[in-house]
Structure formats: C-alpha cells, structure tokens
2 protein chains.
Amino acid sequence: MRRQFITIKDIARELGISVSTVSRALRDAYDVNRETREKVLAKAAELHYKPNFNAIGLVQSNTHNIGVVMPGITNYYFSTVFTGIEEVAYENGYNLILFLTNDSPEREQRLIQDLSLSSLDGLLVSLTSPEDRHYGQVLENGIPVVFFDRVGGDVRTSKVMQDDYNGAFEATQHLIDSGYRHIAHIGGPAGLAFSRQRRQGYADALEKNGLALREEWVVHSGFSQECGQQDVEQLWKLPVKPDAIFAVNDRKAIGAMLALKARGVQIGPEVGVVGFTNDPVSGIISPSLTTIAEPAFEIGKISCELLLKHIARKHFEPKAVTLPGKLIIRESSRKHP
Amino acid sequence: MRRQFITIKDIARELGISVSTVSRALRDAYDVNRETREKVLAKAAELHYKPNFNAIGLVQSNTHNIGVVMPGITNYYFSTVFTGIEEVAYENGYNLILFLTNDSPEREQRLIQDLSLSSLDGLLVSLTSPEDRHYGQVLENGIPVVFFDRVGGDVRTSKVMQDDYNGAFEATQHLIDSGYRHIAHIGGPAGLAFSRQRRQGYADALEKNGLALREEWVVHSGFSQECGQQDVEQLWKLPVKPDAIFAVNDRKAIGAMLALKARGVQIGPEVGVVGFTNDPVSGIISPSLTTIAEPAFEIGKISCELLLKHIARKHFEPKAVTLPGKLIIRESSRKHP
DNA sequence: TAAAGTAGCGAGAACGTTCCCGGAAACAAC
DNA sequence: GTTGTTTCCGGGAACGTTCTCGCTACTTTA
C-alpha cells in the first residue's frame, strides 16, 4: 500500500550534504553556493525527484489546491468558466478540486461540512443555495472564498458576475425595438439573485418604454429546457398571449422555441425569442437564437486571479467585478424579414 | 499566512487523554472504550474538528485525491463522463483534481512531468497524444491509471471505452438501409485509436454490403465543428459527390450539416448525415441528427469504480470494458419522407 | 593584526497524524 | 496467590519537508 518516492534525504545522502541545503537549493538559491545548487538540481533531475506536497503542506499549511464548487459541469456556461479558472490556476501552479452540487442545496451544505479545509488554499463558488451564509465559517477559518455568477449578499468577500440587469434590459429593449409589444419573461428560481436582476432589467425596460408589466406574463421555474417548454405551455393557456419571450437563459429559450414550434407558431415573425448565455447551440438551431453573450471564460479567469490575490494577502480588500454582456442579434427576434 | 486549525492534540488536551487514543477513537473503534470514544466524538464535533489530510497523507502516503486528465471539459461528452466520475468519487470520499490538456500533446507531456505523484492516489486519463507510453512512469511509481474513451495500447492497465467499431458499423449500415449508396466518412485525427476503430466499422459495413470504399471519400481532420465544415468543402470539390456522410462525432456532423445547408443541399432527402455521441444539440437542431448515443455517464462511473479497485488492491487484474452505443434514428438520415 | 562582517552549511525542532509496542488494570482460571 | 488473558491506553518514532538558529571559514575593515 505504502509507496516509496525519492525524497530530499536521498539526494542529500548521495551528495554527502545535509537535507537543509538540498531543501534550500531546490527552492530559492539564497544562502547556497551556486555549484552546490547546480549539483543538487542535477541530482534531483537524475533521480526524478518530485516534491511531496503533503509534507510541504503540513509545514507551510498551504496546499496549492483550490476548491471549485459549482452546480454542474455539463452546461456550456459552467464548463467555460471552469476552463477560464483552469488557465489561471495552471499558470500559477495550483490544482483544482472540483465539487458538483447537482443543483441540490442539501448536497452543497453537506459538501461544505465535509470539506477538509486544511487541504485547500481557497474556494471558488457559484452558489446553489439562495444564500451564502454557510460559507461564513469557511472564511472564519482563514480560507478565502470568491463567488462567481451566482453570488450571495451576506458574506463579505470578492464577487465576479455578469451584468445581469443591463443584459436583461438590453435584451428586452431589443425586442421592443424589433416591434414586439407583448413581451413575456420566463425566469429562473425566484430566490436567486441573478433571477431577480434579470427580471428587474426586463421590468424596467418595459416601464421605460411605457409598456405595462403583466404579472401573468412573468413565470419563474427551473433552469432546464423542459422548464422552458412547460412555461410556454402555461403562458399559452392565457386569454391574451404574448408576442415575444425573454428567457432567463438559452436552455429555457430553446425549450420555449421547441414548445412554440410544436404549436405551429412561427418564431420571429409571430413570436420573438431572446435568451441569455450565448450557448453555442443558440447559433446552430433554426431559427438561430438572439441572446446576450456572457463572458464566461473571462469570469473564470478573473475569479481565479482575485482568489489568488486573497490567498497571497490576508487582508486583500474584497472587490465586486461586474462584466458586461453583449447582445447577439440572430433570427429568433426578426419580426419583419 | 499560517492558519491554525483544531487538531487532535487540542482534543486530547481538553479531555486529558493521549493523542493516540483520540486518533483511534476518531477512526475505528477498536481498542478504545465506548465511553471514551463518545466523549472524543462529542468534543470533536464541539470544536469543529476537521482532519488534516496533509498529515494523514504524509504518514499513510495516500491522499484521497484522484487526478482526471482530459482534453477539455466544454463538450457534452467529457463533461458527462466527468459527472459520472464525480458521482462515484464523491460516494467514496475521494476528491477529483481536474487537469485539462486543451488537446495539446505537449501540454499533456508537461503536465505529467509536473504532476506531483505523491499527492495523488490514482489517475483517470483520456489520452490527448496518440500513445500512452509517457504514463508508464506513473504506473511504475505505483500510481494506478485507468484510461477511458481515448485509450492507448502500450501500457498494461484497465481501459473503459465505448464500442467504436460496432457503433460505426451500425451507423453505416443504417445509412445503407435507408437507401444511401455513396457514403463518405469524415473522421478524427488518424493517429488516434478510436478514429481508426470508427473508420474500420464504416469500411467493414460498406464491404459487407458490397459497396466499394473510395479513398477520396474518407477525410481525417480535427474534432471541431469547423473541421466538419471544411471536410465537406473538400468532399464537394470532388467530381463524384457522396450522398451520405458518417461523421466521427456530432460536432463534425453538425459542421457538415451547416456547410451542406450553406450550399443549399437538403439534408435527409439529398444527403444523409449520421453522427456519433448523441450530444443534446443533435436532438435540437433542424433537421435533427441521427447518431450513435455514447454511454458517457456510465463510462465515467465504471472508470472510477475500476480505478478505486486498483487503488485498493495493488495487484488488481486489469480489465478492458467495452460499452455498446445505441443508434438514435432522427431526421437527418430520412431519405424518403 | 585583530575585530567585524558575510557566505555557506548543518543540526534539530516542528507540522498533525498514524502505527507499533509496551504496560497497567481488571478479570478469569488453576 | 500466581499466572494468563483481555481491555484499554500512552509513549514515542515516523512520514518529508521547511525553518530557525548557530557554527565555521573566509573576507573585509580599521
């Protein structure tokens, strides 16, 4: 069971010098002769020496591990954020330990309880629960946390998110500019901050253009494509039907489009649809989906960079970074060909 | 910089007993009085004790970390495999450290060189390079490796893959059964084993049905959608054009479909298309894509289960598991409506 | 030429845990 | 009352590394 690796003791013995010297030589070169250092480096390479991070972590109590907590990894947004995180982490010699909550708040809770804080230097979190209080204890233990995308409001730390409000505003404004007047909104879970933000952007755009917000045209449910389909079914039971839909994300927008197609509704001319995310699918489907592109990769990069700063400096002042989205106009919002 | 956590020493001191006893009490209950054990457990909970995995790992030289090496995480297949891996790992108390190669063999090489073997109990790998020799050293160090999806042939260890040959055979047979006779194949990088397998399945299905394989109708390039588009451009320069395409994966199939659409070719009636993967997109696009569904989630689960067995038993006999794919018939291969 | 400074190195504790071994106490058996 | 057995607990080494301190030998300064 127990494995045996080359250690600095082996190097020291073979070279007839002390472990202290080997240790110094392998890190900074201070207090060690150039020749000695080169001999150590050569021997280390020859023996294929690999440092034992458990030992280093034990004495330095840092681990070069970063925990990433996400609802899932199978969708475009999160996997792209992760790729951004990975780029920065890899460059800085950090490993990423990925935890998935599967959109279950209970699992998120349990995960944090079980988390071995001593094997983590920091945490990058996109919340599953509507609140972030359970991360307070992590922070108190001196483990920096950076929230991205789904952020909370209770815990004082850095956050990175897209500009949900303005994105939603712009999306809705675009529908209005395209000639639609009866605009519905199919949103995410009502408890989550970004659901509220996007809804607010939608509502304010309506108001600014003198359009009334009809409560029955605003539906909140889950994130999935199926939810999008169900939401449309619900909307289409109403006596007065909308002529456009702003969806909280592309998956729901696509669900909505499928439901509309099934009803024989022409997307674009009859009913306009705008999503949010810019999932690659949105450019492939037919008609292609107008959407707000989220800077997912950037969000991953910036989150990780901020976390590294928190790790490096105990009292790094928390920052809140908001990145703008970008309206991508495609066919699903073209009323007049 | 240095953080302070509750240790078993603190528990021992507060309870007036030795660290050995606390250590025993927190693990198996053998050799420790029930009362003592309960007192320890209570105190540990009260102080919010969390074990230090660096220390445990140092003495036991196991870490409860599994490394996962993949080309990327942003596509459906790999993110789903990862989710399967995560399920098993989480149940068994293992953390996952995810490394991405970005489809760069050099980066894969460098990654393995840098890998701190002492902080890993095992490795789950989908190859980026066409060969697996560089993992030999990892195995020699006593770190079990399990390959999935893109497996190699040199290193003797467990492998988990889908049945590429039969999947490709079935896909091609389906095209023939549907009435297509001039079937082209747009494949992955020629060096990779599964590219060859799928190509062979395609070739054998042609042969079995008495159709000639035309070398100019077989194109090998990368994996991306753009590659699929380019491959079609290349095929459509030929004097005799194919009337069907079997693509090595859905992304290339979709690229091909976009290129065909751009040329005004009707997909289905004029040219049949079959992919491989069953990416969710394939059911959403129009026309929907006929494809071979890969058991991605299952592959993740089984790979991780096998790896855990290798970790538990030094001389666990390597297994090669092949999972069947499943033909999903949709619109893109419907010649006669 | 003596004092002071500096470069380079080694000894040994420390990090938090497990594990091996020895021993005390309690009890049973002769 | 001695011996043996069991139950429970403590001491201390070990894991591989860093880090602090102190020592030697050489160089510089006055």
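Since the structure is predicted, the reported quantities are computational estimates derived from the model, not experimental observations. (Residues numbered from 1 in each chain as written. Chains lettered and ligands numbered in written order. Predicted model: local features only at pLDDT ≥ 70, side-chain atom pairs only at ≥ 80, totals over all residues. Heavy atoms only, no water.)

On to the relation of the copies chain B and chain A. In screw terms, the move from chain B to chain A is a rotation of 180 degrees and a rise of 0.1 Å along the axis, fitting with an RMSD of 0.1 Å. Considering both components of the superposition, the chain copies are consistent with a two-fold axis. The fraction of interface residues of chain B whose copies in chain A are also interface residues reaches 100%, indicating that both copies meet through the same surface. (Least-squares fit on C-alpha atoms with pLDDT ≥ 70 in both. Contact = heavy atoms within 4.5 Å.)

What follows concerns the interface of chain B and chain A. Across the contact, 57 residues belong to chain B and 57 residues belong to chain A. Summed over both sides, the interface between chain B and chain A buries roughly 5,200 Å², with carbon and sulfur atoms accounting for 53% of that surface. One can count two salt bridges joining chain B with chain A. Its salt-bridge partner being arginine 107 of chain B, residue glutamate 86 of chain A comes within 2.8 Å of it at the nearest N-O pair. The greatest single-element share of the side of chain B that touches chain A, amounting to seven residues, is contributed by helix H4 (residues 53-60) of chain B. (Buried area = accessible area lost by both parts, 1.4 Å probe. Salt bridge = Lys/Arg side-chain N within 4 Å of Asp/Glu carboxyl O. Helix = DSSP H or I, 4+ residues; strand = E, 2+ residues; numbered from the N terminus.)

Quick look at the protein's contact with DNA strand C now. For DNA strand C, the set of nearby residues contains 25 residues, the closest of which are Thr21 and Thr36 of chain A together with Ile8, Ser23 and Tyr49 of chain B. For DNA strand C, the backbone portion of the atoms within 4 Å of the protein, that is sugar and phosphate, comes to 65%. Between DNA strand C and the protein, one listed contact pairs a base nitrogen with a side-chain N or O atom of aspartate 31 of chain A at 3.2 Å. Contact distances for DNA strand C include 2.8 Å between a phosphate oxygen and a side-chain N or O atom of arginine 27 of chain B. Mapped onto the surface near DNA strand C, the elements with two or more residues apiece are helix H2 (19-26) and helix H4 (53-60) of chain A together with helix H1 (8-15), helix H2 (19-26) and H4 of chain B. Considering each element in turn, the surface near DNA strand C owes the most residues, four residues, to H4 of chain B. (Near = heavy atom within 4 Å. Polar contact = N/O pair within 3.5 Å; in protein donor to acceptor, adjacent residues only side chain to side chain.)

Judged by nonpolar contacts, the single largest core of 59 residues is most densely connected at Phe82 of chain A together with Phe82 of chain B. Apart from the residues within four sequence positions on either side, phenylalanine 82 of chain A is in contact with Val68, Met70, Ile73, Leu96 and Leu98 of chain A together with Ile73, Leu98 and Leu100 of chain B. Counting 48 residues, the second-largest nonpolar core is a separate cluster that includes Ala259 and Leu260 of chain A together with Val219 and Leu289 of chain B. (Core = buried A, V, L, I, M, F, W, Y, C linked by side-chain atoms within 4.5 Å. Buried < 20%, exposed > 50% of the residue type's maximum accessible area, 1.4 Å probe, protein only.)

Our next topic: the domain arrangement of chain A. Residues and elements named next belong to chain A. Assigned domains of chain A: these are domain 1 (8-51), domain 2 (63-161 + 297-321) and domain 3 (164-295 + 327-333). Placing a centre on the C-alpha atoms of domain 2 and another on those of domain 3 gives a separation of 30 Å. Every contact between the two is made by eleven residues of domain 2 and, on the other side, twelve residues of domain 3. When the area that domain 2 buries against domain 3 is broken down by residue, the three leading residues are Tyr76, Tyr77 and Arg150, summing to 48%. Taken together, domain 2 and domain 3 are joined by zero salt bridges. Our count for the contact surface shared by domain 2 and domain 3 stands at three residue pairs in polar contact (both at pLDDT 80 or more). At the level of elements, helix H5 (76-91) and helix H13 (296-312) are the ones that each hand at least two residues to the side of domain 2 that touches domain 3. Considering each element in turn, the side of domain 2 that touches domain 3 owes the most residues, three residues, to H13. Taken together, the residues of the side of domain 2 that touches domain 3 break down into six nonpolar, three polar and two charged. (Domains from an automatic or database assignment. Nonpolar A, V, L, I, M, F, W, Y, C, P; charged D, E, K, R; others polar.)

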